[in-house]
Amino acid sequence: MIFVKRTTKPRVLIKNEIKWTKAIKAVKTKEQLKKAVEKYKHTEIKQSLLDMFHDKCGFCESKITNVDYGDIEHFKPKSKFPELAVTWENLLLSCKRCNGSSQKSDHWPGPKEGGPLVNPCEENPDKFFEFVYDRKTKVSFVKPKNKRGEVSEKIYGLNKTSLLRDRSDFVRKLIVVAHNYKTSSEAKEIIDEAVKDSGEYAAFARMVKEKFTNV
């Protein structure tokens, strides 16, 4: 997970967010609520999120668009906060695995659970997580730094088995390249591309550049 700077609100929300929010608050039935809330699925909103997150899941940083369309994720669950369903600041991009495993609607954390979840668009995840490569096990995992990090790692599923496997394979290969960072222009280019916001698993790529390019 990396910090993602929120981009300008899409035009469709500039035009309709207030109207759509009022409509949500005014509903009388569940059917009306469902119809009003689903305005967030507008194609322009989805495309704006894809651009903002560089086609990556906002939580696990896996590239989405090669294999799926991705989900519009509500940081504050729309089941508990329907009035925020079309609020731009509450919308993120997620892969189906992270969106499905988060269960935020069932476990929305309060003070007893360690405080609010980490929002990658509002806080730097580096304050809550360390991105680790274990040389013995050859596993790359997210290590929480504090209670909020612990809660967020668990709810988001940042160390789920399938993710650990694919991410660790990526990091091992990148480390090999990193060893040649100072002697190969191609290796340098690969690493420098990997650490950009658009790079898959950029948080781990940045760890690799910091720890392995000087070896």
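To be clear, the structure that these remarks concern was listed above.
Read on for a plain summary of the structure. These numbers come from a predicted model, not from an experiment. (Residues numbered from 1 in each chain as written. Predicted model: local features only at pLDDT ≥ 70, side-chain atom pairs only at ≥ 80, totals over all residues. Heavy atoms only, no water.)

## Let's talk about the overall build of the chain
Then, in step 1: Looking only at helices and strands, one finds eight helices and four strands in the chain.
Then, in step 2: In sequence order, the chain lays out its α and β elements as α-α-α-β-β-α-β-β-α-α-α-α.
Then, in step 3: Taking 2.2 N^0.38 as the reference for a compact globule, 215 residues should give roughly 17 Å; the C-alpha atoms of the chain span a radius of gyration of 19 Å, in line with that estimate.
Then, in step 4: In terms of principal-axis extent, the alpha carbons of the chain reach across some 65 × 40 × 25 Å.
Then, in step 5: Looking at the chain as a whole, 47% of its 215 residues qualify as buried. (Helix = DSSP H or I, 4+ residues; strand = E, 2+ residues; numbered from the N terminus. Rg over C-alpha atoms; globule rule 2.2 N^0.38 Å. Buried < 20%, exposed > 50% of the residue type's maximum accessible area, 1.4 Å probe, protein only.)

## Digging into the pattern of salt bridges
Then, in step 1: Tallied over the entire structure, the rule returns 14 salt bridges.
Then, in step 2: Measuring nitrogen to oxygen at the nearest pair gives 3.0 Å for the salt bridge that ties Lys-96 to Asp-71. Here Lys-96, found in helix α4 (residues 96-102), pairs with Asp-71, found in strand β1 (residues 71-74); they are 25 residues apart in sequence, far enough to count as distant.
Then, in step 3: On the basis of relative accessible area, Asp-71 is assigned to the buried category, the value being 15%.
Then, in step 4: For Asp-166, the salt bridge identified is with Arg-165, shortest N-O distance 3.8 Å.
Then, in step 5: Taking the relative accessible area as the measure of exposure, Asp-166 reaches 42% and is therefore partly exposed.
Then, in step 6: If you follow the salt bridges from partner to partner, you end up with Asp-169, Arg-172 and Lys-173 in one network. (Salt bridge = Lys/Arg side-chain N within 4 Å of Asp/Glu carboxyl O.)

## Some remarks on the pairing of strand β2 (residues 91-94)
For a regular strand, the rule is simple: side chains alternate between the two faces of the sheet.
Then, in step 1: The alternating pattern of β2 places Leu-91 and Leu-93 on one face and Leu-92 and Ser-94 on the opposite face, and all of these are buried.
Then, in step 2: Alignment of β1 against β2, held across four bridges, turns out to be antiparallel. The residue of β2 that forms the bridge with Glu-73 is Leu-92. (Pairing = 2+ DSSP bridges.)

## Looking at helix α6 (residues 161-178)
Then, in step 1: Relative to the 26 Å expected for 18 residues at 1.5 Å per residue, α6 spans 25 Å between its end C-alpha atoms, a close match to the ideal helical length.
Then, in step 2: Within α6, the full set of buried residues consists of Leu-163, Arg-167, Ser-168, Val-171, Leu-174, Ile-175, Val-177 and Ala-178.
Then, in step 3: Of the surrounding elements, those touching the buried residues of α6 are β3 (129-134), β4 (139-144), α7 (185-194) and α8 (202-212). (Expected span 1.5 Å × (residues − 1). Contact = heavy atoms within 4.5 Å.)

## A look at the packing of α6 against α8
Then, in step 1: α8 packs onto α6 with a crossing angle of 35 degrees between their chain directions and a minimal axis gap of 10 Å. Handedness of the α6/α8 crossing: right-handed. Across from Arg-167, Val-171, Leu-174, Ile-175 and Ala-178 in α6, the residues of α8 making contact are Phe-204, Ala-205, Met-207, Val-208 and Phe-212.
Then, in step 2: The class makeup of the residues in the contact of α6 with α8 is nine nonpolar, no polar and one charged. (Axes fitted to C-alpha atoms, helices over the stretch in contact; angles between N-to-C directions. Left-handed = near helix turned anticlockwise from the far one by under 90°. Nonpolar A, V, L, I, M, F, W, Y, C, P; charged D, E, K, R; others polar.)

## Comments concerning the nonpolar core
Then, in step 1: Counting residues in each nonpolar core, the largest one holds 60 residues, and the members touching the most others are Ile-45, Leu-49, Phe-53, Phe-59, Phe-129 and Val-208.
Then, in step 2: The biggest single contributor to this core is α8, with seven residues.
Then, in step 3: Val-208 has contacts with Val-171, Leu-174, Ile-175, Ala-178 and Thr-213, leaving out every residue within four places of it along the chain. (Core = buried A, V, L, I, M, F, W, Y, C linked by side-chain atoms within 4.5 Å.)

## Re a positive patch on the surface
Then, in step 1: Taken together, the side chains of Lys-15, Lys-19, Lys-35 and Lys-39 define a basic patch exposed on the protein surface.
Then, in step 2: Secondary-structure assignment places Lys-39 in the loop between α2 (30-37) and α3 (43-52). (Patch = residues over 30% accessible without salt bridge, like charges linked within 9 Å, V, L, I, M, F, W, Y side chains within 5 Å. Areas by Shrake-Rupley, 256 points an atom, 1.4 Å probe, with all protein chains shown as cover. Lys, Arg positive; Asp, Glu negative; His and termini not counted. Charge placed at Lys NZ, Arg CZ, Asp CG, Glu CD.)

## A word on the side chain of Ser-48
Then, in step 1: With respect to the element layout, Ser-48 can be found in helix α3.
Then, in step 2: When sequence neighbours within four positions are dropped, the list of residues in contact with Ser-48 reads Thr-7, Pro-10 and Trp-88.

## A word on the environment of Lys-147
Then, in step 1: You can see Lys-147 is positioned in helix α5 (residues 147-156).
Then, in step 2: Residues Lys-147 and Leu-117, spaced 30 residues apart in sequence, show a C-alpha to C-alpha distance of 10.0 Å.

## Some points on the environment of Pro-120
Then, in step 1: Residue position: Pro-120 is located in the loop between α4 and β3.
Then, in step 2: Overall, Pro-120 belongs to the buried group, its relative accessible area being 0%.
Then, in step 3: Here the alpha-carbon distance between Pro-120 and Glu-83, two residues 37 residues apart in the chain, equals 21 Å.
Then, in step 4: Non-local contacts of Pro-120, meaning those with residues more than four positions away in its chain, are made with Met-1, Ile-2, Phe-3, Val-4, Gly-58, Phe-59, Leu-92 and Pro-125.

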